[in-house]
Number of protein chains: 2
Amino acid sequence: MTRILVVDDEPQIVRALRINLRARKYDVDTAPDGASALHAAARQHPDLVVLDLGLPDMDGTEVIRGLRGWTVVPIIVLSGRADSQDKVDALDAGADDYITKPFGVDELLARVRAVTRRGQTAGEAVATITIGESVIDLGNRSIIRDGTDVRLSPTEWRLLEHLLRHPGKLHSQRALLHDVWGPQYLTESNYLRQYMARLRRKLEIDPTHPRHLLTEPGMGYRFRP
Amino acid sequence: MTRILVVDDEPQIVRALRINLRARKYDVDTAPDGASALHAAARQHPDLVVLDLGLPDMDGTEVIRGLRGWTVVPIIVLSGRADSQDKVDALDAGADDYITKPFGVDELLARVRAVTRRGQTAGEAVATITIGESVIDLGNRSIIRDGTDVRLSPTEWRLLEHLLRHPGKLHSQRALLHDVWGPQYLTESNYLRQYMARLRRKLEIDPTHPRHLLTEPGMGYRFRP
DNA sequence: CGCCGGCGTCAAAAGCGCGTCAACAAGCGT
DNA sequence: ACGCTTGTTGACGCGCTTTTGACGCCGGCG
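Remember, it's a predicted structure, so these values are computed and weren't measured experimentally. (Residues numbered from 1 in each chain as written. Chains lettered and ligands numbered in written order. Predicted model: local features only at pLDDT ≥ 70, side-chain atom pairs only at ≥ 80, totals over all residues. Heavy atoms only, no water.)

Caption draft 1: Molecular detail of the protein's contact with DNA strand D. In the vicinity of DNA strand D there are 20 residues, among which S153(A), Y191(A), S153(B), T155(B) and Y191(B) approach most closely. In the interface set of DNA strand D, defined as its atoms within 4 Å of the protein, sugar plus phosphate atoms amount to 70%. Between DNA strand D and T155(A) there is a distance of 2.5 Å, counted from a phosphate oxygen to a side-chain nitrogen or oxygen. Contact between DNA strand D and W181(A): a phosphate oxygen at 3.4 Å from a side-chain N or O atom of the residue. Contributing elements (two or more residues each) for the surface near DNA strand D: helix 6 (154-165) and helix 8 (189-203) of chain A together with helix 6 (154-165) and helix 8 (189-203) of chain B. Grouping the constituent residues of the surface near DNA strand D by class yields eight nonpolar, six polar and six charged. (Near = heavy atom within 4 Å. Polar contact = N/O pair within 3.5 Å; in protein donor to acceptor, adjacent residues only side chain to side chain. Helix = DSSP H or I, 4+ residues; strand = E, 2+ residues; numbered from the N terminus. Nonpolar A, V, L, I, M, F, W, Y, C, P; charged D, E, K, R; others polar.)

Caption draft 2: Representation of the protein's contact with DNA strand C. Surveying the vicinity of DNA strand C reveals 19 residues, the closest of which are Q173(A), T215(A), Y221(A), R193(B) and T215(B). Sugar plus phosphate, as a fraction of atoms of DNA strand C within 4 Å of the protein: 55%. In this structure, R200(B) approaches DNA strand C through a side-chain N or O atom, which is 2.9 Å from a phosphate oxygen. In the model, a phosphate oxygen of DNA strand C is placed 2.9 Å from a nitrogen or oxygen of the G218(B) main chain.

Caption draft 3: Inspection of the interface of chain B and chain A at higher detail. Taken together, the contacts link 27 residues of chain B with 32 residues of chain A. Here chain B meets chain A over a buried area of about 2,600 Å², counting both sides, of which 42% is carbon and sulfur. Connecting chain B to chain A are eight salt bridges. Between R113(A) and D92(B) there is a salt bridge whose closest N-O contact spans 2.7 Å. For the pair chain B and chain A, the interface holds 18 residue pairs in polar contact (both at pLDDT 80 or more). When contributions to the side of chain B that touches chain A are tallied by element, the ones reaching two or more residues are helix 4 (84-93), strand 5 (97-100), helix 5 (105-122) and helix 6 of chain B. When residues of the side of chain B that touches chain A are assigned to their parent elements, the largest contribution, nine residues, is made by helix 5 of chain B. Partitioning the side of chain B that touches chain A into residue classes produces nine nonpolar, five polar and 13 charged. (Contact = heavy atoms within 4.5 Å. Buried area = accessible area lost by both parts, 1.4 Å probe. Salt bridge = Lys/Arg side-chain N within 4 Å of Asp/Glu carboxyl O.)

Caption draft 4: Fine view of the UniProt feature "modified residue: 4-aspartylphosphate" (unreviewed entry) in chain A. Residues and elements named next belong to chain A. As annotated by UniProt and renumbered to match this structure, "modified residue: 4-aspartylphosphate" (unreviewed entry) occupies D52. In this fold, D52 is placed in strand 3 (residues 48-52). Apart from the residues lying within four places of it in its own chain, the contact partners of D52 are V7, D8, E10, L78 and K101. (UniProt positions renumbered as here; feature names shortened; annotations may be inferred.)

Caption draft 5: Representation of the sheet that holds strand 10 (residues 170-172) of chain B within the structure. Residue and element names in this part refer to chain B. If you walk across this open sheet you meet the three strands as 10-12-11, and the pairing is antiparallel. Every interior strand has two partners, whereas the edge strands, strand 10 and strand 11 (213-216), have only one. This sheet shows a mean twist of 30° between the axes of neighbouring strands, independent of strand direction. Across three bridges, strand 10 lies against strand 12 (residues 220-223) in antiparallel orientation. Paired with H171 across the two strands is Y221, which belongs to strand 12. Together, strand 10 and strand 12 form the strand contacts of helix 7 (residues 173-180), whose direction differs from that of strand 10 by roughly 75°. (Pairing = 2+ DSSP bridges. Axes fitted to C-alpha atoms, helices over the stretch in contact; angles between N-to-C directions.)

Caption draft 6: Fine view of unusual backbone geometry. Residue and element names in this part refer to chain A. Residue P102 is reached from K101 by a cis peptide bond, and omega for that bond is 0°. Relative to the assigned elements, P102 resides in the loop between strand 5 (97-100) and helix 5 (105-124). Positive phi, normally seen in glycine, also occurs at D146, with a value near 55°. Tracing the chain through its elements places D146 in the loop between strand 8 (142-145) and strand 9 (148-150).

Caption draft 7: Here's a closer look at the layout of surface pockets. Considering only enclosed or pocket space, the second largest pocket measures out at about 250 Å³ in volume. If you go around the second largest pocket, you meet 19 residues; those closest to its centre are R222(A), R224(A), S142(B), I143(B) and D149(B). Counting only elements with at least two residues in the lining of the second largest pocket, the list comes to strand 11 (213-216) and strand 12 (220-223) of chain A together with strand 8 (142-145) and strand 9 (148-150) of chain B. Class assignment for the residues of the lining of the second largest pocket results in eight nonpolar, five polar and six charged. (1 Å grid on protein atoms, 1.4 Å probe; cavity = no way out; pocket = protein on both sides within 12 Å on 5 of 7 lines; lining within 4 Å. Points joined across faces, edges and corners; volume = space filled by probe spheres on them.)

Caption draft 8: Looking closely at the confidence of the model for chain A. Residue and element names in this part refer to chain A. Mean pLDDT over chain A: 87, with 94% of residues reaching 70 or higher. When pLDDT is averaged over each helix and strand of chain A, the minimum, 78, is found for helix 2 (residues 34-44) and the maximum, 95, for strand 12. Below pLDDT 50 for its whole length, residues 122-126 participates in three contacts with residues either more than four positions away or in separate chains. (pLDDT = per-residue confidence, 0-100.)

Caption draft 9: View of the sheet that holds strand 10 (residues 170-172) of chain A. Residue and element names in this part refer to chain A. Sheet architecture is open: three strands sit in the order 10-12-11, paired in antiparallel fashion. Looking at the sheet topology across the chains shown, the edges are occupied by strand 10 and strand 11. Taking the axes of each pair of neighbouring strands and ignoring which way they run, one obtains an average angle of 30° across the sheet. Along the sheet face, helix 8 touches strand 11 and strand 12 and points at about 145° away from the line of strand 11.

Here it is as structure tokens:
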């Protein structure tokens with residue numbers, strides 16, 4: 001299920017988008033201003049952000065920059081102003097698309113499909129990965145081990161996915177905490193210890209001697225294929 | 001250099017785009033109709049396609065479908081029609097963005113930057129350095145020697161990285177101590193002796209006769225490729 | 001020929017990162 | 001309201017990294 005975070009301060013627009021998106025089987029969260037949008041994104045890790053530029057508390061491009069500091073989640077900007085400079089600023093700040101109000105719902109939905117389509121094809125390259133006797137399907141979010149399927153919590157999935165996206169690459173603790181938990185958890189290394197241990201118990205043949213989910217003392221963690 | 005294929009049957013628009021894109025250091029190819037566009041894309045593998053929907057020989061969405069059959073190259077659609085249904089059709093056929101004429105050149109350029117931005121993050125070149133029989137990947141922070149991987153502690157990594165960043169350059173002991181351990185360790189040369197020995201044991205074929213991690217007596221240390 | 005500073009090496013102590021266990025809080029479906 | 005899953009937090013001990021000290025070798029120099 002694709003999670004979409006809608007950021008807008010006009011209740012009727014939020015309501016209209018929520019209804020239309022829910023009808024298309026999207027999971028919708030909402031935020032009324034920039035600060036709560038950044039907080040919600042860090043907490044819920046949406047797959048797409050629909051952002052109105054006219055927010056009460058901060059400039060829209062600042063919200064984009066705040067998101068781009070730590071995530072590459074697609075961002076579609078809504079704006080009442082058709083000024084060319086506004087579009088350039090938002091796109092260069094990191095937005096993926098820019099729609100001028102008033103807009104047709106059909107067009108927005110089509111652009112939602114367009115930007116989410118790219119994210120899917122990017123992850124498709126690493127469709128299935130094997131760790132020990134576990135076969136991991138990132139696309140379907142499923143793991144099969146010894147014929148039975150293994151269940152992972154959302155946080156476990158995000159952590160595992162970050163490690164698997166770049167096989168062999170060392171991920172520093174700060175980077176993992178930043179990407180999985182959010183910018184304000186950079187020093188909570190006990191989270192990492194806890195969840196790496198869970199992943200090893202669920203995936204490694206011998207969790208006390210991991211062969212694929214490796215620790216580099218003082219450096220971070222690494223997935224070895 | 002990013003290669004852009006511009007598909008349009010109006011010579012003045014093609015000319016304007018070519019001038020503006022060339023000025024931004026893009027490599028520009030052009031095609032006047034759908035058939036030659038498909039042919040050019042297959043032959044030149046552009047990094048981006050700018051496609052006018054109003055082509056003389058075939059429908060624009062057919063061109064998009066023809067491209068999407070074998071490539072995921074980003075496609076930006078130009079169109080004179082602001083009809084919502086046209087946008088939906090083009091985007092669902094596989095276009096990445098849709099701009100309605102008349103459009104500002106600044107906006108087009110910003111959208112070009114937006115769609116090319118994603119592709120860049122995927123394909124990053126890996127710089128790899130060889131010492132004896134050890135292959136060092138600074139990006140992934142990994143070393144492979146004789147098929148098995150070598151583990152380095154954080155201090156060992158920092159020291160090795162400083163030497164490798166400037167091949168052939170002589171690093172004084174004071175400079176290395178300052179950069180690796182900090183300003184208050186400038187005289188602790190025994191640290192350097194200790195850690196240079198550890199690096200040689202892990203990387204050099206014959207640690208007692210180093211061929212790449214060299215000592216310049218009285219001067220400092222040097223990495224010879 | 002003997003002294004001396006610089007360097008490589010070994011060994012052991014000190015410090016800290018990491019794995020692990022345990023317990024509690026917060027949702028969430030039943 | 002209850003039980004289950006998930007997320008959060010604290011504490012402890014082992015093992016690795018870092019730090020520290022000491023010794024021997026070698027070349028330069030008086």
